[in-house]
Structure formats: C-alpha cells, structure tokens
Amino acid sequence: MDFKIYNTLTKKVEIFKPVKQGVVGIYACGPTVYDLTHIGHMRKYTMDDILKRTLTYLGYEVKHVMNITDVGHLASDADEGDDKLEKGALKSGKSVWDVASQYTDYFFNTTDALNIIRPDVTPRATDHIGQIITMINKLLASKHAYVTQKAIYFDTNTYPNYGMLSGQNIADKQVGVRGEVVTDPDKRHPTDFALWFFCVGHFENHTMRWASPVGENDGFPGWHIECSAMSMHYLGDQIDIHTGGIDHIPVHHENEIAQSMCAHHYNNNEQFVNYWLHYDFLTVDGEKMSKSKNNFYTLDNVRSHQINPLALRLYFMGTSYRKPLNFTWEGAMSANNMYTKIITQAMNLQSGLQSNLASHKSDLWLVDEKYVNDFKQALCDDLNTARALAVVFEMLADKNINDADKYTTLIDMDKVLGLDIEKVVLALSGNISNNIIELAEKRKLAKEIKNYKLADDLRAEIETLGYEVIDTTTDGQDSYKIIKKL
Ligand code: AMP
Ligand code: ZN
C-alpha cells in the first residue's frame, strides 16, 4: 500500500518513496530546552510519533533523529534578541547547562507520559560543534558565507531557490523583514542569517562558547545550522522526511535548505530533504499556544484536570495535522471519555477471553484483515488520523467479529494509536498477557514432545517477563498455572 503525504516543498500530496528501499530516515526538529514543555509542543511530537509508528506498521525500518537545541536559538527565529538558554539561566539563577538538563528531562517526562516512543538518537547541538564548524567552513570556502565583526552569515543571494519552501520569492521576503531592527550594519541582505555569532558586543559574556571557525574571538552557533549539520551527520546527505511546526517553514527550514544545498554537491534531481512535513498549531482562542503568550498548559495542568495524558493522543488524532486545533478543556474531557470507553471495552473483551481461555487459544486469535486494511488506508491518506479512529470505533461496534479477534485487532491497531491498551488493561485487571500465555502453551507442547531444553528456555523467558509457570495436574492431565512473580 502506498503511503501518501503532503510535501510542503512541492505543495502536493505525494506517494512516499524512500531513498533506500524499506528504510526511512526521519529528522524531527526538537525542543529548545529553556523552559517548560507545553501541550502545544506535544501536538507536534505526538504527530511525529504517529508518523513513525505508521511507517513501522507499514513495514518500514525507521530511523528517527530529533535534536535538542541547547544553544544559539535567539528570542526571534530571525537572529534577533538574546539566546533563549542564556535568558532561561538568568531568569532561574541556574547555569545554562543546568537549565538545559532540567528542561530536557521535563520534555522527556512529558513525551513518556504521552507514550511517545523516544527517538533513536537525540543529539544536542552543544555536542556537535565540530560538525557545525566543518559545515560553516565549507560555506565560507565556497563563498556562500561571509564574515562581519559580529557574526558569520549565510548569503541568501547566493542560493537562487531561497524562498521555495514558503513560496515567497526573495524580493518579497526582504520587503517582509525590512521593518525589523537590523543589529548588524554589515549584514548584506535582511534574509541573510547567522551561522555563527562571535562573543563580542551584546554577546561578549555569552556563557556557552567555543573557538570560532575564523578569527580570534570565541563564538557560538546560530540555530539553523545545527539541524543541517546533525541531520546529515546521522541520516546522510539526503533525508527522507523532515518535520516541524508550520512556524518553521518561512525561516528555520528555508535556511536549513539553503545552507545544506550549498554545502553539498547535489545532482539536479536531488534534494537535501525529499519530504517536508509541517504540523499546524494547537491554539487557544485561535492563537498559537506558546510560552511567550503565556496561554499554555503543561502535563501537570492536564493531570490536575483528571485527564489521562494518553487521552491527548486521541484529542490530537481527531483533527488533521494540517489544520489548527483549538484546545479547550471540554474538548480534552471528551477525548478522555473516548479513551475511557476504549479501555473499558478492551477490558470487557479481555476478561471474557481470560475466563474462557481453553476455547480461545491465543495463537488462533486473528486480526481482522478488512478493518486493518481500512485503518492502514486512512493512515496512508496523508495521515488521516480522524478516519483511522473512525475505523477503530466501527470495528469495535461490529457484531460480526468475535471478541478474540476484536481484541487482537484493537491491540494490533494500538501499535499506531499508542494508547498502551494492553498494558493498561492488564494493569487494571491483573490478568496475564497473550504473549505470556503463548509462551506457556509452547512450553507445554515442548514438554509433550520431550524437548526439555526448549521447555526450560521458555520457562526462563517467562520468568524474565516477571511470571512463573507452575506445573499442575487436572483430571489426570498435565496442565499449568501462571502466576506473577512477587
Ligand atoms: P520550540 O521548543 O519552541 O523550538 O518548539 C518545538 C516544536 O514545537 C517546533 O516544531 C514548534 O513548531 C512546535 N510547537 C511550538 N508550539 C506549538 C503549538 N502551539 N502547536 C503545535 N506545535 C507547536
Ligand atoms: Zn530544526
């Protein structure tokens, strides 16, 4: 089945074709770790998670890289103001390094609570200064970059396609930013952006600093360069999918494309990134939820409203990622009710099966192919999560599927939904999961055919999962009991 996705670069829904067959590299722009993560951010990272789970469900091997911005992101994306990390340190009286570490932990606590699978690699900008400097040197050598007293800039006039992603030509963009305060009189064009700042003037006392690619002064990298340097370092020169919020289209990603395309020698038909994927915002009263507007809610706020963090996943999935989603507590509550409904139904299905194990051998439980197919079709249609959810509910309501298959299908679909249904059901009911039962059944079979080595190995595997099998005799027949180890 073809996976189709809207590509911001071409402005079309396209059939996804990876650079390497069967393998997908995803680079997801990550958090700037200077303040609390809020649920607006979580819409983006949940969608990254759904994308990754979908591609895995479709059979791809996914490598997911997400950066941690811990230096160089100034108050405005267009190189104005203070470094966000330095500001965070000043506000809290902590060191920049402590601020970065504290909010990185906070970020991952939040994503864990939403059952967002951690990326395979989460590189920090400050650990990749070497790669960043190498790239800046390439751009200086090829005259795509120039040096002023204050910074090293990328010269946007040297890249004819600058503005392609946002669909603005460079002249329009330059008019657009003309009103801004240009802090460096030697900057050649308003759209030029800093690859590196020198620790002079305003940045004289900048804490995070390294030897600069040129000159005597220390310095620190600009924000955009980290994503180009780290994405290529971990995923190669051509990246399959690059994600971000829609706010990244006009500046951050435009800049990433310009510097990456100029630092490398691509053939005419090659791109730095083949599919640019952008998620719309979580809003409050129609405005982007953000730290600066102080209209944000954190995981703690969600919990204090008695809303399960996993219900947020359902809330986000109810709307296309390409549309804004206006957050309300009523909306979150109704997602929570939907979540409870799914878990309750899953518990009913599971307890019915559990009390009737003999007639429901778990290896005979089947996923319902038709519904799984509809579910996949919806996801393959530009990640139509709302339709995929509708398929889940249709399947759960279908009287023609037996409970065992219904439960198995739901657990299978949960590989994408990420609601952790089986774990929650088992934790709530104290029941034993299907895979443990399967292992115990295999062990029984191994004993019957006198393969005691295999039987012992299976017992050991069950034990490592926290359970014990106790052999019993029922009506003269060998049987067993599974108990949870204390
Ligand atoms: P930041 O830490 O501000 O760099 O943001 C990290 C990511 O979260 C970026 O991809 C942003 O586009 C995204 N983001 C920030 N606020 C929101 C929001 N209200 N809704 C959706 N995504 C957001
Ligand atoms: Zn980025």
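To start, this report covers the structure provided alongside it. (Residues numbered from 1 in each chain as written. Chains lettered and ligands numbered in written order. Predicted model: local features only at pLDDT ≥ 70, side-chain atom pairs only at ≥ 80, totals over all residues. Heavy atoms only, no water.)

**Comments concerning the packing of helix H12 (residues 385-397) against helix H13 (residues 403-417)**
Two measures define how a pair of helices packs: the angle their axes make with one another and the distance between the axes.
Step number 1: Interhelical geometry of H12 versus H13 gives an angle of 170° and a closest axis separation of 10 Å. As far as their axial angle goes, H13 and H12 are roughly antiparallel. Pair H12 / H13 crosses with left-handed handedness. Counting all contacts with H12, which are made through Leu389, Val391, Val392, Met395, Leu396 and Ala397, the residues of H13 involved are Lys406, Thr409, Leu410, Met413 and Leu417. (Axes fitted to C-alpha atoms, helices over the stretch in contact; angles between N-to-C directions. Helix = DSSP H or I, 4+ residues; strand = E, 2+ residues; numbered from the N terminus. Parallel < 35°, antiparallel > 145°, perpendicular 65-115°, else oblique. Left-handed = near helix turned anticlockwise from the far one by under 90°. Contact = heavy atoms within 4.5 Å.)

**Looking at the coordination of the zinc ion (ligand 2)**
Step number 1: Bound to the zinc ion (ligand 2) are the protein donor atoms Cys29 (SG), Cys227 (SG) and His252 (NE2), situated 2.1 to 2.2 Å from the metal.
Step number 2: Site description for the zinc ion (ligand 2): donor spacing in sequence, C-x197-C-x24-H. One end of the pair, Cys29, is in the loop between strand E3 (23-28) and helix H1 (39-57); the other, Cys227, is in helix H6 (residues 223-235), and 198 residues separate them in sequence.
Step number 3: A relative accessible area of 0% means that Cys227 is categorised as buried. (Donors = N, O, S within 2.8 Å, 3.2 Å for Na, K, Ca; no water. Buried < 20%, exposed > 50% of the residue type's maximum accessible area, 1.4 Å probe, protein only.)

**Let's talk about the side chain of Thr148**
Step number 1: Residue position: Thr148 is located in the loop between strand E7 (145-147) and strand E8 (151-154).
Step number 2: We classify Thr148 as buried; its relative accessible area is 8%.
Step number 3: Discounting chain neighbours no more than four positions away, the residues touching Thr148 are Tyr153, Asp184, Asp186, Lys187 and Phe198.

So far we have only geometry, and geometry alone does not tell us how the molecule works.
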